[in-house]
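Examining the three-dimensional arrangement
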Amino acid sequence: MAAEKKPVLLFTTYKFRSGTNLSVRRGIRWATRLDAGDTVMLQSREGGDQRKALVTGLKVKRFRDIRGQELSVEHDPQCHTWNGLFSTMKKLFDDFDETEIVTMIYFALEEE
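Criteria and cut-off values
Residues numbered from 1 in each chain as written. Predicted model: local features only at pLDDT ≥ 70, side-chain atom pairs only at ≥ 80, totals over all residues. Heavy atoms only, no water. Buried < 20%, exposed > 50% of the residue type's maximum accessible area, 1.4 Å probe, protein only. Helix = DSSP H or I, 4+ residues; strand = E, 2+ residues; numbered from the N terminus. Arc of directions from axis to C-beta. Contact = heavy atoms within 4.5 Å. Phe/Tyr/Trp six-rings, centres within 6.5 Å; stacked < 30°, edge-to-face > 60°. Lys NZ or Arg CZ within 6 Å of the ring centre and 35° of its normal. Pairing = 2+ DSSP bridges. Axes fitted to C-alpha atoms, helices over the stretch in contact; angles between N-to-C directions. Polar contact = N/O pair within 3.5 Å; in protein donor to acceptor, adjacent residues only side chain to side chain.

By the burial criterion, the buried members of helix 2 (residues 82-92) are W82, G84, L85, T88 and M89. Down the axis of helix 2, the smallest arc covering the buried residues is 165°, so these residues share one side. Residues of helix 2 that are exposed and angled more than 90 degrees away from the buried face: N83 and K91. In this fold, the buried residues of helix 2 make contact with strand 2 (20-26).

Here it is, written out as structure tokens:
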């Protein structure tokens, strides 16, 4: 039986912290595909090697309801504040607005 293909999360900023990381994704697509304990693959949007990570938690909420303290583990250093994350989301999605629903994916890199 073939190994099940792992979901791949693509990243514009391919930098990660040791321990828990957070990635905020537009919509609920990832919340319907993942559960805590799942393994995912991380990859730069530019391609290259993939890294394996373990999903440690998921939250779905309106973007405007994200609190600053939740962003302390955001993988992208530019997104450690609400304004920084909002600015990044606007760069990725021209029509993004603060009332949108987002999925917060908490994950930890698996050791190689």
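Don't stop here, the text continues.
Okay, the packing of aromatic side chains next. For the coordinates displayed, the defined rule picks out ten aromatic pairs. Summarising the aromatic geometry, the rings of F11 and F107 are spaced 6.1 Å apart at their centres and angled 55° between planes, so their arrangement reads as tilted. Here the residue F11 occupies a position in strand 1 (residues 8-11), and F107 occupies one in strand 5 (residues 101-109), the gap between them amounting to 96 residues. The exposure class assigned to F11 is buried, which follows from its relative accessible area of 2%. Sitting over the ring of F11, R25 keeps its end group 4.7 Å from the ring centre. The ring centre of W30 lies 4.7 Å from the NZ or CZ of R29, which sits over that ring.

A separate point is the sheet that holds strand 5. Taken in spatial order, the five strands of this open sheet run 1-3-4-5-2, and their pairing is mixed. The sheet is open, and its two edges are formed by strand 1 and strand 2, each paired on a single side. Across the sheet, the mean angle separating the axes of adjacent strands is 40° when strand polarity is ignored. Pairing of strand 2 with strand 5 involves seven bridges; the strand directions are antiparallel. If you follow R26 over to strand 5, its bridge partner there is V102.

On to the side chain of Q43, then. Here Q43 is to be found in strand 3 (residues 39-44). For Q43, a relative accessible area of 16% corresponds to the buried category. Engagement of the side chain of Q43 in a polar contact is seen with the side chain of Q50, the distance being 3.1 Å. Beyond its immediate sequence surroundings of up to four residues, Q43 is in contact with V8, L9, L10, F11, Y14, G48, D49 and Q50.

The subject of this paragraph is the pairing of strand 4 (residues 47-62). In terms of strand pairing, strand 3 meets strand 4 through five bridges, oriented antiparallel. Opposite V40, over in strand 4, you have A53 as the bridge partner. In this structure, the hairpin formed by strand 3 and strand 4 is closed by a connection of two residues. Alignment of strand 4 against strand 5, held across nine bridges, turns out to be antiparallel. By the bridge assignment, L58 is partnered in strand 5 with I105.

On their own, these measurements won't tell you what the molecule is for.
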